[in-house]
Amino acid sequence: MKLVFYGGGDAEENRTLDSKLLSLIKNQKEPIITFIPACGHDSDEYFNDIVDQYSSLGVSRILRLNIDQPFSEFMKDSIFLSDIIHLGGGNTYYFLKHLKKSGMMQGLKDWALKGGILCGLSAGAIIMTPRIDTAGFPEFDKDDNEENIKNLNSMKLVNFDFFPHYRNSKRYDEALRKYSLGNSAPVYACPDGVGIIVEGEEVRFVGKVACFYEGKKHFINK
Amino acid sequence: MALAKKVKQQDVYKRFDQLDGSHPFKKVLPEGFVDYPARIRKGGKVSYFNFTLAKEMGLIPADHDGKITPELEAKILQTFSIQIINEFDQEQERKFPEADMKSGTYMATRYLQLQHDNKQGKTSGDGRSVWNGQVKYRSKVWDISSGGTGATKLSPATSKFGRYFETGDPTISYGCGYAEVDEGFATAILSRVFNQNNYSTERSLAIIEFKNNISINIRAHRNLIRPSHMFLYLKQDDHQSLKSIVDYYIERQRESEVWKDCPQNYRKYDFFLNQIKDTFAKLSARFEDDYIFCWLDWDGDNILMDGGIIDYGSVRQFGLCHYEYRYDDVERFSTNLYEQKTKAKYIVQTFAQVVNYIRTKEKGSITDFANHEVLNSFEDVYENQKDLNLLHRLGLSERKVKQVQKRDPKLVENLRKSFSYFEKMKTKKGEVKISDGKTWDAIFNMRDLLRELPQAFMLSDSNLVAEQFVEIMTSSLASKEDLEINSYKKQKIEEFQKLYKDIIKKTAKIFQETEKKTLLDISRRSQVINKPNRITGDATTFIINEILKKRKELSNEKINNLLNALEATQNLNPDHKVKFPQKYPEGILNKFMEIIEEHREGI
């Protein structure tokens, strides 16, 4: 299993993570990357950025699948021929709902477990964890759960929670400490441009990551 | 202080005051309209106001926020909430309070309409609308008219029954002089979508709503003259009036710098004819390829002189190439998608007759112009545009489209033939009756194919097997029987894929880039151009029902925000950066998107 969690940010901020992501690909001169946005309706510009981002790293086979819009069975099956599948940022609840509705959730999980490289930015990274609770706080910076989705179970590819766009501030820390008290797994909080790489049993941190566990905070990669 | 604020607010909206019924057309063609006094119609409220358009027209300042303030609403109502004092009112010697009377008079223009028994346009024209006037702002001129302002003597009802009708007479529907809220929203929604996607169209400026779903729907365009405004004088052998209105149109085009190169002397009529030919040839090609049904006919009604879409009552955007659809207008069926070209060509033929009549003062028969050189040119422009359209639909940029078409027209022609084979394929079920007409369903969703095929070719250099190819483009309207793959179909599938790849190779070669780069570029553009959830006519109807159902809980501001967001989801231009007001479709917009998806392959 190869996973890359992005805390957020643009191509420039994520240059290190991107190159580490591409280095996970073995024996493929012309890799295929599929981008799955959290929401298809506003993803045209986002996809352009993704294309620019990966093109600048020499990738020219870049696909997109909008899971909240109609697509063929052919495309549904074909994206698993990709070397990397990139889950985009956006509203985590909306993304989770449509991953489940489209039947892609299990397929993506199985593909990742078989060795497919799955990466996600912000909402896309949260999706790879056991549950998406971290999208619901802090109050001042949370995703709206417009449709009141109750089942927040997600891919469960790792045994930690992920908190993107983290800022080292009292307000964030209070919310994360509180959450970690009632949570059995650690929460890794990543600012933009910072991330986590999971390769098999190995977990590597790229940049300064905050870990919240049992109400306490400590930094990894100080 | 309060007075100063009030004065300032009045000053901000002073451009509305230009809209007092005056219009240069009145001087150009005194016989071309019926002039009506009007009074303020009370009890209305502004349901919708197009802030973007109002800013373009200079009616409100560029930094105006998107809120209908009490001052703005008062100004809109004062300007547009009017009802004409028609012939019925005058016969009944009805009196209205002086304070309610508008100072200006408002014209209902005369034009040809095929639904009138008089085929010379002596009875027809604006049957329930009048022109509010003209606004000039930053070298642009805008005509504004309002539908639902009262029954005029040019309505089909007066023509049919030979008497005048009271505005709102419940015994007649079409002809009572009222417009309806749902019509207003249909125009608002579709005109915003079409305008965004570079179609010339009337644009909805505002909807004023009254009780019982009645409304006044206000529209604007750079020039609201239709071919039918000219054709009636041709039919009536009225050389002077015909020349006056053609000259008027040409001058306006010249003044607005749309026709900067138009000659001053008699050659201006050749220029005029040539422009009309180009407009209508390109338009009919685009209507076909974008599956837009706009009931074109010999009368030159339902379309503006610049090819702009007007009167959205029968305008539809199909999801697939449902070229057999015909609208049932009770007494007749409409033209279908492909017959629009024949009608557009006939309109150009009529203009050839118009120009000849103006120049020679002798009116030839329309059949004398059946072989006019302008019609050959029409065919050339049409065919060329069809090629360009297909390359655009594939996802090539404008620059690439031009070069590929120029350098290998035969390849493009072959691809078009191959594409058309699948696009026109219909269900074996045959013709069916539907609520507003009849149709014979297409079975393949070519937009899905064009969106997914470049991605498939990025995954593998090999061609898709026939079953995969068909699966990508299969629509919900196809039956198992429709999808049978015989050896001929297999051959056509192979042929199409080969031609498609040849286009990629050709483009890459011309632009000296790798085929992978060309394919990636095509893929990302094609995903915008051929996005799956494109609004159709059916979807528009259901969306409007949803708006009307939730009308009470929707403020003006919320409706505006919703229509802004809806418009943003319908951008098909990959070069246009769209600002999404919502990060994801929530609430009513989510419902709209569900409706669009459900009806995306319909009529």
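Residues numbered from 1 in each chain as written. Chains lettered and ligands numbered in written order. Predicted model: local features only at pLDDT ≥ 70, side-chain atom pairs only at ≥ 80, totals over all residues.

K.L.:
I'd love a proper account of the overall build of chain A, names of residues and values included.
P.N.:
Along its length, chain A carries seven helices and 11 strands. The C-alpha atoms of chain A give a radius of gyration of 16 Å, which matches the 17 Å a tight globule of 222 residues would have. Taking the principal axes of the C-alpha coordinates as reference, chain A spans close to 45 × 40 × 30 Å. Counting over 222 residues, chain A shows a buried share of 46%. For chain A, long-range pairs separated by at least 24 residues make up 74% of all intrachain contacts whose partners lie at least 6 apart in sequence. (Helix = DSSP H or I, 4+ residues; strand = E, 2+ residues; numbered from the N terminus. Rg over C-alpha atoms; globule rule 2.2 N^0.38 Å. Buried ≥ 20, exposed ≤ 12 C-beta atoms within 10 Å, placed from the backbone. Contact = placed C-beta atoms within 7 Å.)

K.L.:
Can you break down the interface of chain B and chain A residue by residue, with the values?
P.N.:
Residue-level contacts link 27 residues of chain B with 27 residues of chain A. Residue classes in the side of chain B that touches chain A are distributed as 11 nonpolar, six polar and 10 charged. (Nonpolar A, V, L, I, M, F, W, Y, C, P; charged D, E, K, R; others polar.)

K.L.:
Tell me about the sheet that holds strand 9 (residues 202–206) of chain A, residues and numbers included.
P.N.:
Residue and element names in this part refer to chain A. Read from one edge to the other, the open sheet built from seven strands follows the order 3-2-4-5-1-8-9, with strand pairing classed as mixed. The open sheet terminates on both sides in strands that have one partner only, identified here as strand 3 (61–64) and strand 9. Taken over all neighbouring pairs, the strand axes of this sheet differ in orientation by 15° on average, direction set aside. On top of the sheet, helix 2 (residues 44–55) reaches strand 2 (32–36), strand 3 and strand 4 (84–87); it is set at about 160° to strand 3, its chief contact. (Pairing = 2+ DSSP bridges. Axes fitted to C-alpha atoms, helices over the stretch in contact; angles between N-to-C directions.)

K.L.:
Before we move on, can you summarise the domain arrangement of chain B with the specific residues and values?
P.N.:
Residue and element names in this part refer to chain B. Along its sequence, chain B is organised into domain 1 (2–221), domain 2 (227–381), domain 3 (395–529) and domain 4 (537–598). One C-alpha centre belongs to domain 1, the other to domain 2; they are set 25 Å apart. Across the boundary between the two partners, domain 1 contributes 27 residues, which contact 26 residues of domain 2. Among the secondary structure elements, those contributing two or more residues to the side of domain 1 that touches domain 2 are helix 2 (25–28), strand 6 (140–147) and helix 7 (181–196). The biggest single contributor to the side of domain 1 that touches domain 2 is helix 7, with six residues. Partitioned by chemical class, the residues of the side of domain 1 that touches domain 2 number 11 nonpolar, 10 polar and six charged. (Domains from an automatic or database assignment.)

K.L.:
Tell me about the pairing of strand 2 (residues 45–49) of chain B, and name the residues and values.
P.N.:
Residue and element names in this part refer to chain B. Most of strand 2 sits inside the fold, with four of its five residues counted as buried. Sheet topology note: the strand 2/strand 8 (residues 203–209) ladder contains four bridges and is antiparallel. Paired with K45 across the strands is E209, a residue of strand 8.

K.L.:
Which residues make up the environment of B:D328, and what values do they have?
P.N.:
All names here are of chain B. Tracing the backbone through its elements, the reader meets D328 in the loop between strand 12 (326–327) and helix 11 (339–360). C-alpha of D328 to C-alpha of N486: the two residues are 158 residues apart in sequence and 36 Å apart in space. Leave out the neighbours within four places in its chain, and D328 touches F333, D436, G437 and K438.

K.L.:
Run through the nonpolar core, naming residues and quoting values.
P.N.:
Soluble, globular proteins show a tendency: their nonpolar side chains are buried together. Residues A:I127, A:A189 and B:A206 are the most contacted members of the largest nonpolar core, which totals 220 residues. Beyond its immediate stretch of four places on either side in the chain, A:A189 contacts A:F163, A:Y166, A:L176, A:V209, A:A210 and A:F212. (Core = buried A, V, L, I, M, F, W, Y, C linked by C-beta atoms within 7 Å.)

K.L.:
Help me get a handle on unusual backbone geometry, residues and values and all.
P.N.:
Phi is mostly negative for residues that are not glycine, and the peptide bonds are mostly trans. Of the consecutive residues A:F137 and A:P138, the connecting peptide bond is found in the cis state with omega at -5°. Tracing the sequence through the fold places A:P138 in the loop between helix 6 (123–127) and strand 6 (161–163). One non-glycine residue, A:N148, lies in the positive phi region at around 50°. With respect to the element layout, A:N148 can be found in the loop between helix 6 and strand 6. Its identity is not glycine, yet B:S139 carries a phi of approximately 65°, on the positive side. Examined against the element boundaries, B:S139 turns out to sit in the loop between strand 5 (129–137) and strand 6.

K.L.:
Describe the sheet that holds strand 13 (residues 432–434) of chain B, naming the residues involved and giving the relevant values.
P.N.:
Residue and element names in this part refer to chain B. Judged by pairing direction, the sheet is antiparallel, and its three strands sit side by side in the order 12-14-13 without closing on themselves. Only two strands of the sheet have a single neighbouring strand rather than two, namely strand 12 and strand 13. Sheet analysis places strand 12 next to strand 14 (residues 437–439), joined by two bridges and oriented antiparallel. Along strand 14, the bridge assignment pairs Y327 with G437.

K.L.:
Report on helix 17 (residues 487–510) of chain B, specifying residues and quantitative values.
P.N.:
All names here are of chain B. Taking 1.5 Å of rise per residue, the 24 residues of helix 17 would be expected to cover 34 Å, and the 35 Å separating its terminal C-alpha atoms lies within 8% of that figure. Those residues of helix 17 that fall on the buried side of the exposure criterion are I493, F496, Y500, I503 and T507. Contacts made by the buried residues of helix 17 are with helix 12 (373–394), helix 13 (398–407), helix 14 (409–423), helix 15 (446–459), helix 16 (466–473) and helix 18 (515–529). Phi turns positive one or two residues past the end of helix 17, at Q512, with a value near 50°. (Expected span 1.5 Å × (residues − 1).)

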